Amino acid sequence: MPGFELFGAAERKEVNDVLESGVLMRYGFDGMRNGHWKARELEQEMEKRFDVKHAQLTSSGTSALNVALAILGVGAGDEVIMPTFTFVASFESILAAGATPILVDIDDTLTLDPKAVEAAITPKTKVVMPVHMCGAMADLAPLQEICERYNLFLLEDACQAFAGTYHGKALGTIGHAGCFSFDYVKTITCGEGGAVVTNDDVLGNHADHYSDHGHTHIGNDRGAEEHPFIGYNFRISELNAAVGLAQIRRTDEFLAIQRKNKKILKDALATIPEVSFRRLPDEAGDTATFLSFFMPTYALSQKVVQAFKKYGIDAYWNYFDNNWHYVRKWHHLTKVRSLFPLSKEIRDGLQDLTKISFQASDEWIGRNISCLIKLSWTEEEVQTRAQKMVAAIQSVLADG
Ligand SMILES: *Cc1c(COP(=O)(O)O)cnc(C)c1O
């Protein structure tokens, strides 16, 4: 999956352009920068590639979520519906906005279950935030329908699904806003970075201003710019953007390798009747960064994890007891451990996660194993890996 696996001459060239001018900031210093505007160019490449009107780079995927929630007007007293299976950045960004995260179950797509979303809606709900986990899409059509019916915003966290699509449209561009991450382990990387995309002119404009202290970016005297509303600093540096600019141009190369490698592994596992696969609402739009499959029971998936170890297979996860991605180990959220006082709205509004059990999520996550698809494998390595995975799973099934 990660773009860092294929870091090379193209990335070095873009970074060198920036180093040679010495302008490490994305705004201003027009005369010194030798015509290099890496952040702006990367935004334009995203707009073109995703057919979306506005792309705004940020310092991380987490700050992209912060910006997205801010431009959607999310704040004190608002509820944001998010899945139990995601990265901790989901609830971090909601809390940072002063809003209340409401966790709901996932289904066999490993993303938001639309029925669970509808059941969680209250008069305070403002946003539904599906997370396109492990390289593939949530089922967006029913979520969109719910958002329209209840007049809610749809905010796509596409941090793990850069360049994925849903019925021909880029993930991240289908909701009112979408977010990407370019951290070091994502499909393409800037080192650290992120982006917000939207087709709404007002939201796009607000994202531009909000991520840079409210600066309007009109004219060429930063000190004289207006600030129509309060902003923050979520800017990406020009150096980081330069890496991303080289990487975005390699997206199709990366996806082709992933899809080829994934197909070999999936075809091999499909020969085992007890193995089933994550439901993909639109298989053609899968970025193939992961192969996610289910064993018939939690006990069997745990045995497969052990067998994979024994057979020397690396880079796979069962997320049931994962610290970062699944609700069961988010003790800091469950116990509401904040360094500073949280508002009354949040304290009153938070679910008591010590009392709620997410049975459907436990079922899907417990039975799931997700295998990373690497860019650097040779075809022979993938073939050997496929044979070992099949042998490992069959050894578990033979044991009963
Ligand atoms: C990586 C990730 C983020 C946050 O991105 P950073 O750039 O690491 O801040 C948010 N959501 C999901 C689903 C992620 O995987």
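Residues numbered from 1 in each chain as written. Predicted model: local features only at pLDDT ≥ 70, side-chain atom pairs only at ≥ 80, totals over all residues. Heavy atoms only, no water.

Undergrad: What's the story with the environment of Cys190 in this structure? I'm lost.
TA: Along the polypeptide, Cys190 turns up in the loop between strand S8 (177-181) and strand S9 (194-198). Spatially, the C-alpha atoms of Cys190 and Ile236 are 9.3 Å apart, while their sequence positions differ by 46 residues. Aside from chain neighbours lying at most four places away, what touches Cys190 is Leu42, Phe182, Ile236, Asn240, Val243 and Gly244. (Helix = DSSP H or I, 4+ residues; strand = E, 2+ residues; numbered from the N terminus. Contact = heavy atoms within 4.5 Å.)

Undergrad: Even after reading the chapter, I still don't get the site of the ligand, so can you show me in this structure?
TA: Near the ligand lie 14 residues; those nearest to it are Gly61, Thr62, Ser181, Asp183 and Lys186. One nitrogen or oxygen atom from the side chain of Thr62 is found 2.5 Å from an oxygen atom belonging to the ligand. Within the side chain of Asp157, an N or O atom sits 2.8 Å from a nitrogen atom of the ligand. In the complex, the protein chains occlude 93% of the 380 Å² of accessible area that the ligand would expose alone. (Near = heavy atom within 4 Å. Polar contact = N/O pair within 3.5 Å; in protein donor to acceptor, adjacent residues only side chain to side chain. Areas by Shrake-Rupley, 256 points an atom, 1.4 Å probe, with all protein chains shown as cover.)

Undergrad: Just to check I follow, could you spell out the packing of helix H2 (residues 38-50) against helix H8 (residues 238-248) for this structure?
TA: Helix-helix packing: each pair is described by the crossing angle between the helix axes and the interaxial distance. Two elements in contact, H2 and H8, have axes whose closest approach is 8 Å; the angle formed by their N-to-C orientations is 35 degrees. Relative to H8, the crossing made by H2 is left-handed. In contact with Lys38, Ala39, Glu41, Leu42, Glu45 and Met46 of H2, H8 contributes Glu238, Ala241, Ala242, Gly244, Leu245 and Ile248. For the contact of H2 with H8, the per-class residue count stands at 7 nonpolar, 1 polar and 4 charged. (Axes fitted to C-alpha atoms, helices over the stretch in contact; angles between N-to-C directions. Left-handed = near helix turned anticlockwise from the far one by under 90°. Nonpolar A, V, L, I, M, F, W, Y, C, P; charged D, E, K, R; others polar.)

Undergrad: Is there a simple way to explain the domain arrangement of the chain in this structure?
TA: Frequently, the measure chosen for interface size is the accessible area that the parts lose on association. The assigned domain composition of the chain is domain 1 (3-250) and domain 2 (252-399). Put simply, the middle of domain 1 and the middle of domain 2, counted by C-alpha atoms, are 24 Å apart. Taken together, the contacts link 49 residues of domain 1 with 46 residues of domain 2. Between the two partners, domain 1 and domain 2, sit 5 salt bridges. Taking the shortest distance from any N to any O, the salt bridge between Arg279 and Asp108 comes out at 3.0 Å. Here domain 1 is connected to domain 2 by 22 residue pairs in polar contact (both at pLDDT 80 or more). Looking at the side of domain 1 that touches domain 2, the elements that each hand over two or more residues are strand S2 (79-83), helix H4 (89-96), strand S3 (100-104) and strand S6 (165-166). If you tally residues by element for the side of domain 1 that touches domain 2, the top one is S3, at 5 residues. Of the residues in the side of domain 1 that touches domain 2, the class split is 26 nonpolar, 16 polar and 7 charged. (Domains from an automatic or database assignment. Salt bridge = Lys/Arg side-chain N within 4 Å of Asp/Glu carboxyl O.)

Undergrad: Can you help me understand the pairing of strand S5 (residues 153-157) in this one?
TA: Two faces, one strand: in a regular strand the side chains alternate between the faces of the sheet. Taken across its 5 residues, S5 has 4 buried, putting it largely inside the fold. The sheet contact formed by strand S4 (residues 125-128) and S5 spans 2 bridges and is parallel. Residue pairing across strands places Val128 opposite Leu154, the latter belonging to S5. The parallel pair S4 and S5 is bridged by helix H6 (residues 140-150), and the resulting crossover is right-handed. In this sheet, S8 lies alongside S5 in parallel orientation, the contact comprising 3 bridges. The residue of S8 that forms the bridge with Asp157 is Cys179. (Buried < 20%, exposed > 50% of the residue type's maximum accessible area, 1.4 Å probe, protein only. Pairing = 2+ DSSP bridges. Right-handed = clockwise from strand over helix to strand, strands pointing away.)

Undergrad: What is the right way to look at the pairing of S9 in this model?
TA: Of all 5 residues in S9, 5 are buried, a share of seventy percent or more. Both faces of S9 are covered, namely the face carrying Gly194, Val196 and Thr198 and the face carrying Ala195 and Val197. In the sheet, strand S1 (residues 54-58) pairs with S9 via 5 bridges, with the strands oriented antiparallel. Bridge pairing in S9 links Thr58 to Gly194.

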